[in-house]
Amino acid sequence: MATTDKVGAVMVVGGGISGLQSALDLADSGYKVYLVEKNASIGGTMAQLDKTFPTNDCAMCIMAPKLVAAGRHHNIQLITNADIAIVDGQAGNFTVTVRQRAFRVDPTKCTGCGSCAQKCPIEAVDEYNEGTKIRKAIYVAYPQAVPLIYSIDPEKCIGCGICAEECKAKAVDYDQKEKVLEIKVGSIIVSPGFDEFNARLKPEYGYGVYPNVVTSIEFERMLSATGPYFGTVLRPSDGDIPEKIAFIQCVGSRDEHCGNEYCSSVCCMYSIKEAIIAKEHGGNIKPSIFFMDMRAFGKEFDEYYNRAKNEHGIRFVRSRAAAVVENPKTKNMMIKYVENGEPKEEEFGLVVLAVGLTPPADAENLSRVMKFRLNDDGFCQTGAFSPVETSRPGIFVSGAFSSPKDIPMTVAEASGAAAKAGTEITTSRNTLVTKKVYPKEIDVAGKEPRVGVFICHCGINIGGVVNVPEVMEYAKTLPNVVYAEQNLYTCSADAQEKIKEKVKEHDLNRVVVASCTPRTHEPLFQNTIREAGLNAYLFEMANIRDQCSWIHMHEPKAATKKAKALVRMALAKSRLLEPLENLMIDVNQDALVIGGGVSGMVSALELAKQGIKVHLVEREKELGGNLRKLHYLPSGDDPDEYLKKVDQEIRANKNITLHLGTTVKTIDGYVGNFKTQLTDGSEMEHGVVVVAVGGREYKPEGEYLYGKNANVMTLLEFKGKMKKGEVKGDSYVFIQCVGSREDKFPNCSRVCCTGTMTAANKIKDKDPNAKVYVLYRDIRTYGFREKYYKEAAQKGVTFIRFDDEKKPVVEDKGGKIEVRLIDEDTGKEVVLRPDCLVLASGTRPEEGSEELAPMLKVPLTKEGFFLEAHMKLRPIDFATEGVYLAGIAHSPKFVDESIAQALGAVARAMTILSKTTLEAEGIVASVDEQYCDGCGICVPTCEYKALEIIDNKDIKDKKIVDVNVGLCKGCGACVGACPAGALTQKGFRDEQILAMIDAALEEPKKQEVKQ
Amino acid sequence: MTEKHHTAHHQTHAHEKKHEGEWEPKIIGFLCNWCSYAGADLCGVSRYQYPTNIRPVRVMCSTRISPHLVLDIFKAGADGILLGGCHIGDCHYISGNYYTEKRVNLMKKLLKESGIAPERLRLEWVSASEGEKFSKVVTEFTETVKALGPNKVKKDERLMSRVAAADMASETFRLKALVGKELNLVGKGNVYDNKLDPEEIEKIITEATSDEFERSLILELSRTKARSVKELGEIMEVPTDKVLRHIVLLRQNSLIAMEHPEGFTPTYKTIEIGGEQ
């Protein structure tokens, strides 16, 4: 197909964390993105969460930067409040009809100040807070929403007209009509997320009847500082702090009665998190979690689970709660359950139902309109080797829409879908994106500062408290201020024109805006002054709204005084501002992929398909890694056949250079400019590195007679024998968690439970009379894998649970294996004499990881897996830019998950490789060579590995620190560490900070004299 | 809520009867300059007699009387208020009395919420030519108020706080906006050119009045003493889950603050420098 036939744009349907990640990856690698969201603002479910496991990060704090980035990315067009109506065409060239419902507010005029909602007399249920709070008929979902545009709820509005009267920006437009947009795109990604299970369908738990039974997502809002109770957990019935809270797991999951047989994958972990946070918020709260199997299968999840038990004192009760009944007098909840065969009852102050994930309400409609298939459970259908592809070519999927999953897997998949969407239209990259052109910069060197000050009323948000005219007059009296004015909204489009005009008219060489927060608005104003010919860094902001008028609403005089001080401080700094240069770094557009297992192969092949020259390095003489040892997948798909196919494709692809039987010897350089030497002597230059070194199955060190009795083997060894038809006998015992969830390796190896089901089912298929026993601690067949567990149970596989502290004892009785254990559920001893004992052995990091990590300047976990930049939102990145992570090297995972992450690494890598140059940060550290004596104290403080001690070129035998501006992120950690005062941070120099301090402190005297 | 109020009201009633005979009600009459005041004058000219209890106050139009004035007057101890205006369609100021009607509707809702019999407030249209009607109305109204007994607001702390809350609620932007717009929304249509169903807006206002009253009462009750949700629920005779929902909103608007609880029952205290209200 000719280049012109493919449209260099992608539509992403669904603006949750999944859609956001896809959109940002694509927009950063040369594609135009239309991000379509059904709600009025993007953010999805993650924006509702209080904290996230296992790091307990504040969800909004880590998500907001992505929201803001998507909101103002010049290659992303947000289309919110919109639905997909028609999809015509085929892969590479779709025409999508989108219906955008009316906001009844002009998005180009609304500044998000909120005056309208304050005055709106109509109250409605606040969906963002799950009905625990009230919003108005004109509203934004939440204060940090993107886009921050109010919209009118057509169901609730009575048309009184008050909002229009209140809106100083004249943004309310009652006549706004639905818009129908026709958009041409080359690929589509669907990521509409999930819905929560409707807890009313489980009437035995009393949700909707008893006020003190809440869902987990409601509880999430109850924990949040921005939620109804400001973070104190209260009972909805009477506002008391509940002393005892019960969490009931699997509500709407693993439950054929409600139609959802699958496991929702995330509830165990979020309940542990909610229990910990609840306890942190109120020390006297005693949480109990009622569960069947604790499914803490992800990276470092078991450690989190252990801490919950041992450090936080969370109580875990292994039982499915049967029913919940209210004590009408106390409103306490009585939970009925069975523990160790005995029926019990216990009273709690509050019950939290861990509701499962169901397909989104519009799943069927989406599938019909977009013509892709759903699976039996109503989620989007994907394949074992195509985890991000729908059944319709050119339409890709990511996130919980294809199966219930947690945020890190969602983010990895979102990048994976972005890679696939990009490959489809790679020939049209950079055809629809725009590049901003700015006028030549005015040289301000040596010129006396001429500052223009713009002070914002923000409707009445600032002006209603702070005396803005007074602040403006005051600003005029300050040194170097040649112009000052006040604006109704300094951020409005007309105000930007005004700022540019005034820069010209008064020959301004510094601009100060006193308005809201620089975190959201600085880039806007910086862009404006760049358009006026000034360097972006000649700008300073005073936050007189979020940190003045809004918090001193009842003290207008004191607030005005503070606003003056903030303006004076900003001015003091502005006088010392200097133009900073964003250095351009050349990018080598080749890639190095380390590891030739399924992850490395998929990454290499996808990069090659996007036109990238790839060096694929594999230690073994052949490709495949662990994929060669699997032989069976529970779904029935054939991994051997898949391996053969990919192997052939790789060998046929001219962009891939294979380096088999060799490993990496050295890697030097940084993003865009790496240089690598292999042990076979070959050398290469490349712009990025994908780490896909994998892991290996743990070989038991004498446990359970391994290595001593020929009939004791690991799971992979067993599957190998099965493939060759070497398995004999009619009784089998599988022992789970061998080398996992133990002292040295406290975490779960994720794949062994499902792998065991595959093997057990295979045995039963061949010989239905075979006796198969699985000895386990928790069965962790999460997601749709639950059905293989169920299948095994139906086929007659016997499951016996043993206690963590009471492992089975295996003895050799004259060549025959004897297994003894206590069945935890019955308390009775069981003796088994199998023909074959299979050890579901855990996963270990690959050998050589410890040598590779320091070469790449990246860290490892204490178990030895590679540690990503952020466990929740950056599962593929490292803090070191240009190095990416995929597959088991990150943590144990299934083939489909490895493929998704490997594709994700491609999308992340393409954000670099799609460019010939990279723009470095302007705010970076710099060294005064006069003072640096190369002591190196600064080096370990840098998370980004931007500092290096090198020989001082000018002075013999002396060392000096070198700042790699390509890697420096401008945090200033090194500046604070430097004992010689040799390091400074551009844009935050000592004298700039001290000038602000002087300005802050000078004020009292002068002001008091005046008043 | 309403039913319990009625009970409270009946008790008051019974109690008031003891004082009958020795007690004379104090009644304030607001009369519009163009009709009712003229009607009252005509009544005098014509020598129609009526009881002495009423103290007339002349206003240019009945619409001048804002809900908070009425509540203030009851707070000050008046036993009845008569509001006289021109007949519908005859207002000297074209539409003033339409608004009066809407506001009286709100006042009566608030009186009911607060525990003062809404019958203590009477709206009558008396034209300049209806001298006889004026005397009949005053006589009848005086009897009604007499039967109701004295307004005990000054002796009853609980009632006083409820009337104060009603007073506060009457001043909220939300109720003023809804009542102020009601007429046009029903009569002329809203911004979408739809005429609202009178029953629908009536329902919205009734709910809003009840909510705003309860919120004001929470603030009123928690002004001098921090109180728990359960305590408030008991005093207010409102279900505790509803009280908690009000508190969620009041905290959001920085009108009330949680005191740091020692046990498991947090208490709330009104923040003295109010926000919007």
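Residues numbered from 1 in each chain as written. Chains lettered and ligands numbered in written order. Predicted model: local features only at pLDDT ≥ 70, side-chain atom pairs only at ≥ 80, totals over all residues. Heavy atoms only, no water.

Focus: the confidence of the model for chain B
All names here are of chain B.
Inference 1: On average, residues of chain B carry a pLDDT of 89, and 91% of them reach 70 or more.
Inference 2: Across residues 1-16, confidence stays below pLDDT 50; counting only partners more than four residues off in sequence or on other chains, it has 26 contacts.
Inference 3: Scoring of the predicted complex yields 0.90 for pTM and 0.85 for ipTM. (pLDDT = per-residue confidence, 0-100. Contact = heavy atoms within 4.5 Å.)

Here we look at the pairing of strand β13 (residues 187-190) of chain A
Residues and elements named next belong to chain A.
Inference 1: What you see with β13 is no split at all: Ser187 and Ile189 on one side and Ile188 and Val190 on the other are buried throughout.
Inference 2: The pairing of strand β1 (residues 9-13) with β13 spans 4 bridges and is classified as parallel. Counterpart to valine 10 in the pairing with β13 is serine 187.
Inference 3: With 3 bridges joining them, β13 and strand β24 (residues 395-397) adopt parallel strand pairing. From the neighbouring strand, isoleucine 188 faces β24, where its bridge partner is isoleucine 395. (Buried < 20%, exposed > 50% of the residue type's maximum accessible area, 1.4 Å probe, protein only. Helix = DSSP H or I, 4+ residues; strand = E, 2+ residues; numbered from the N terminus. Pairing = 2+ DSSP bridges.)

Some details on the environment of threonine 100 of chain B
Residue and element names in this part refer to chain B.
Inference 1: Within the secondary structure, threonine 100 sits in helix α4 (residues 96-114).
Inference 2: Assessed through its relative accessible area of 3%, threonine 100 is described here as buried.
Inference 3: Separated by 62 residues in sequence, threonine 100 and arginine 162 have C-alpha atoms that sit 23 Å apart.
Inference 4: If we ignore the near neighbours within four places in the chain, the residues touching threonine 100 are Ser62, Thr63, Leu83 and Leu123.

Focus on the interface of chain B and chain A
Inference 1: Contacts between chain B and chain A engage 35 residues on the former and 34 residues on the latter.
Inference 2: Of the roughly 3,000 Å² buried between chain B and chain A, counting both surfaces, carbon and sulfur atoms make up 63%.
Inference 3: Considering only the side of chain B, the residues that lose the most area to chain A are Val191, Tyr192 and Phe264 of chain B, jointly responsible for 23% of the buried surface there.
Inference 4: Inspection of the region where chain B meets chain A yields 4 salt bridges. (Buried area = accessible area lost by both parts, 1.4 Å probe. Salt bridge = Lys/Arg side-chain N within 4 Å of Asp/Glu carboxyl O.)

Re the sheet that holds strand β7 (residues 267-270) of chain B
Residues and elements named next belong to chain B.
Inference 1: Read across the sheet, 3 strands follow the order β5-β7-β6 without closing on themselves; strand pairing throughout is antiparallel. A strand with exactly one partner marks an edge of an open sheet, and here the two such strands are β5 (227-228) and β6 (256-259).
Inference 2: When β6 meets β7, the two strands line up antiparallel, connected through 4 bridges. Looking across to β7, one finds that alanine 257 is bridged to lysine 269.
Inference 3: Sheet strands touched by helix α10 (residues 240-252): β6 and β7. Its angle to β6, the strand with the most contacts, is close to 110°. (Axes fitted to C-alpha atoms, helices over the stretch in contact; angles between N-to-C directions.)

What about the domain arrangement of chain B?
Inference 1: Partitioning chain B into structural domains gives domain 1 (3-15 + 24-150) and domain 2 (222-277).
Inference 2: Computed over C-alpha atoms only, the centres of domain 1 of chain B and domain 2 of chain B are separated by 35 Å. (Domains from an automatic or database assignment.)

Details of the state of the cysteines
Note: disulfide means a covalent bond formed between the sulfur atoms of two cysteine side chains.
Residues and elements named next belong to chain A.
Inference 1: The final tally for this structure, using the stated rule, is 1 disulfide over all chains.
Inference 2: We note that cysteine 836 lacks a disulfide partner, and the nearest cysteine sulfur, in cysteine 752, lies 17 Å from it.
Inference 3: Judged by relative accessible area, cysteine 836 falls into the buried class, the value being 4%.
Inference 4: Its sulfur unpaired, cysteine 968 is 6.3 Å from the next cysteine sulfur, which belongs to cysteine 974.
Inference 5: Cysteine 968 sits in the buried class, given a relative accessible area of 9%. (Disulfide = S-S within 2.5 Å.)

Things to note about the sheet that holds strand β21 (residues 342-348) of chain A
All names here are of chain A.
Inference 1: Pairing is antiparallel in the open sheet, where 3 strands are placed in the order β19-β20-β21. A strand with exactly one partner marks an edge of an open sheet, and here the two such strands are β19 (323-326) and β21. Averaged over neighbouring strand pairs, the angle between their axes works out to 25° when direction is ignored.

Describing the side chain of glutamate 212 of chain B
Residues and elements named next belong to chain B.
Inference 1: One can find glutamate 212 in helix α8 (residues 198-221).
Inference 2: At a separation of 2.8 Å, a polar atom in the side chain of glutamate 212 contacts the side chain of arginine 174.
Inference 3: A distance of 3.0 Å separates the side chain of glutamate 212 from the side chain of arginine 215, its partner in a polar contact. (Polar contact = N/O pair within 3.5 Å; in protein donor to acceptor, adjacent residues only side chain to side chain.)

Re empty space enclosed by the protein
Residue and element names in this part refer to chain A.
Inference 1: One pass over the structure, following the stated rule, counts 12 cavities of 30 Å³ or more.
Inference 2: In this structure, the largest cavity spans a volume of roughly 150 Å³.
Inference 3: Along the walls of the largest cavity sit 16 residues, with Lys299, Asp406, Pro408, Arg750 and His890 positioned nearest its centre.
Inference 4: Here the element with the most residues in the lining of the largest cavity is helix α9 (residues 407-424); it accounts for 3 residues.
Inference 5: When its residues are assigned to classes, the lining of the largest cavity shows 7 nonpolar, 4 polar and 5 charged. (1 Å grid on protein atoms, 1.4 Å probe; cavity = no way out; pocket = protein on both sides within 12 Å on 5 of 7 lines; lining within 4 Å. Points joined across faces, edges and corners; volume = space filled by probe spheres on them. Nonpolar A, V, L, I, M, F, W, Y, C, P; charged D, E, K, R; others polar.)

Here we look at the nonpolar core
Inference 1: Grouped together as the largest cluster of nonpolar side chains are 262 residues, with contacts concentrated most on Ile138, Phe219, Ile272, Ile335, Leu353, Val453 and Leu607 of chain A.
Inference 2: Here this core gets 12 residues from one element, more than from any other, and that element is helix α22 (residues 895-913) of chain A.
Inference 3: In terms of domain composition, this core takes at least three residues from each of domain 1 (3-15 + 24-150) and domain 2 (222-277) of chain B.
Inference 4: When near neighbours in sequence (up to four residues on either side) are disregarded, leucine 353 of chain A contacts Ala199, Tyr205, Tyr207, Val213, Val214, Thr215, Ser216, Ile248 and Val251 of chain A.
Inference 5: Formed by 27 residues, the second largest nonpolar core is a distinct cluster that contains Val13, Tyr34, Phe94 and Leu374 of chain A. (Core = buried A, V, L, I, M, F, W, Y, C linked by side-chain atoms within 4.5 Å.)

Remarks on the pairing of strand β43 (residues 816-822) of chain A
Two faces make up the sheet, and in a regular strand the side chains alternate between them.
All names here are of chain A.
Inference 1: In this sheet, β43 lies alongside strand β42 (residues 809-813) in antiparallel orientation, the contact comprising 5 bridges. Bridging from a neighbouring strand, valine 809 pairs with arginine 820 of β43.
Inference 2: Connecting β42 to the antiparallel partner β43 that follows it, the hairpin turn spans 2 residues, and glycine 814 within it adopts a positive phi of roughly 60°.
Inference 3: Pairing geometry for β43 and strand β44 (residues 829-832), over 4 bridges, is antiparallel. Across the sheet, residue isoleucine 822 finds its bridge partner in β44, namely glutamate 829.
Inference 4: Joining the antiparallel neighbours β43 and β44 is a turn of 6 residues, in which glycine 827 adopts a positive phi near 80°.

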